[in-house]
Amino acid sequence: MTVLDIGLPTRASESGMPDRVTIWEMSPRDGLQAEPTNLSSATKIELIRRLDAAGLPVIEAGSFVRSDRVPQMAGSDEVLRGLDGVQARMPVLVPNPKGFDRALAAGADDIAVFLSVTESFSRANLSSDRASAEASANEVVRRSRDAGLPVRGYLSMVFGDPWEGAVEIGEVVRLAQLLLEWGVEEISLGDTIGVATPGLVSATVAALEAGGVPIERIALHMHDTYGLALANVYAGLLSGVTTFDASVAGVGGCPFAKSASGNLATEDLVWMLTGLGIETGVSIPALLEIAPWLAQQLDRPISSRVATALIGKDSK
Ligand code: MG
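Just so it is clear, the structure is predicted and the values come from calculations on it, not from any experiment.

**Student:** How should the overall build of the protein chain be read in this particular structure?
**Tutor:** Helices and strands together make up the secondary structure of the protein chain, namely twelve helices and nine strands. Taken over C-alpha atoms, the radius of gyration comes to 18 Å for the protein chain, in line with the 20 Å a tight globule of 316 residues would show. In terms of overall dimensions, the protein chain has a C-alpha envelope of 65 × 45 × 35 Å along the principal axes. Looking at the protein chain as a whole, 55% of its 316 residues qualify as buried. Restricting to contacts in the protein chain with at least 6 residues of sequence separation, those with at least 24 account for 77%. For the protein chain, the computed accessible surface area is about 12,800 Å², with 50% contributed by carbon and sulfur atoms. Taking the 25 positively charged and 39 negatively charged side chains of the protein chain as two groups, their mean positions are separated by 5 Å.

**Student:** Mind showing me how you'd approach the pattern of salt bridges here?
**Tutor:** Pairs can form between side chains of opposite charge whenever their charged atoms are close. Under the counting rule described, the total for this entry stands at 19 salt bridges. For the salt bridge of Arg 29 with Glu 60, the shortest nitrogen-to-oxygen distance reads 2.5 Å. One end of the pair, Arg 29, is in helix H1 (residues 27-31); the other, Glu 60, is in the loop between strand E2 (58-59) and strand E3 (62-63), and 31 residues separate them in sequence. Across the pair, Glu 60 and Arg 29 agree in class, each one buried. For Asp 77, the salt bridge identified is with Arg 102, shortest N-O distance 3.6 Å. Of this pair, Asp 77 sits in helix H3 (residues 76-81) while Arg 102 sits in helix H4 (residues 97-105), and the two are 25 residues apart along the sequence. In this structure Arg 102 comes out as partly exposed when scored by relative accessible area, which is 32%.

**Student:** Mind showing me how you'd approach unusual backbone geometry here?
**Tutor:** Generally, phi is negative for residues other than glycine and the peptide bonds are trans, each holding for most cases. Positioned with a positive phi, Ala 249 is a non-glycine residue whose angle comes to about 65°. Position of Ala 249 among the secondary structure elements: in the loop between strand E9 (243-246) and helix H10 (266-275).

Thresholds, definitions, all that
- Residues numbered from 1 in each chain as written.
- Predicted model: local features only at pLDDT ≥ 70, side-chain atom pairs only at ≥ 80, totals over all residues.
- Heavy atoms only, no water.
- Helix = DSSP H or I, 4+ residues; strand = E, 2+ residues; numbered from the N terminus.
- Rg over C-alpha atoms; globule rule 2.2 N^0.38 Å.
- Buried < 20%, exposed > 50% of the residue type's maximum accessible area, 1.4 Å probe, protein only.
- Contact = heavy atoms within 4.5 Å.
- Areas by Shrake-Rupley, 256 points an atom, 1.4 Å probe, with all protein chains shown as cover.
- Lys, Arg positive; Asp, Glu negative; His and termini not counted.
- Charge placed at Lys NZ, Arg CZ, Asp CG, Glu CD.
- Salt bridge = Lys/Arg side-chain N within 4 Å of Asp/Glu carboxyl O.

This is the structure in structure tokens:
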């Protein structure tokens with residue numbers, strides 16, 4: 001019997017798909033903030049340097065939240081200062097004006113803010129009602145724009161909320177329009193608890209476009225909680241979306257939504273895109289070296305189908 005040795009997917013293009021997709025790598029921020037093991041700044045720097053070498057064009061490098069609330073993100077200042085020479089864009093998440101001051105002092109030149117589509121998650125995640133959270137994010141965006149920095153806006157709980165159930169698409173459109181008015185360059189739609197389905201992705205993107213949000217300013221941030229992250233990405237591709245978020249080894253989830261497990265793994269996303277003949281600039285072999293290394297640092301299994309298929313379940 002021959003041993004199956006498949007290092008890359010077979011390419012077969014499909015019509016209606018983009019030629020190229022941009023991946024925003026989430027593991028150093030959205031990934032690590034949800035993991036129980038805290039990594040040292042030196043290890044975070046090594047992770048970001050490895051991801052940069054793997055060809056990821058955007059790597060979210062850290063978060064300027066309160067370290068008593070999210071201890072995993074303590075030292076983001078130190079991490080940013082240790083990243084000279086990295087080619088990738090390195091946005092940092094900034095929840096409020098105080099965090100913006102710290103980010104700027106650490107040399108951040110690319111900012112991200114976030115808002116919850118639902119009131120319940122805003123209170124749980126931001127400890128703030130939506131009106132106050134909007135005012136705070138607006139201030140961060142204004143100051144970022146004044147400083148000439150690009151800003152991305154994350155929307156959480158876009159496709160469903162654990163407390164409130166289904167989410168009004170109209171509310172997603174309202175917040176996306178608000179972020180664009182402020183001057184945010186791109187809006188990432190977060191499926192924070194992984195309940196999106198492909199038809200809902202298509203409907204949401206269509207509603208945003210009908211509401212005046214250009215397709216090139218929409219990104220998708222899918223979680224694989226119910227096994228539909230790639231199906232949802234596929235629906236997004238058919239709708240014309242060309243920017244997707246993912247996290248190597250599938251690390252992370254959501255620290256405040258107990259039911260959320262697992263960002264879409266970067267290697268799974270790149271595998272599917274490569275199979276569709278879509279360029280990402282990201283090396284699958286390089287990701288397959290980073291995934292087990294990161295899983296070992298975090299003492300957790302790899303939640304990626306591709307990494308598991310190619311390097312084995314017990315590789316950590
Ligand atoms: Mg996530």
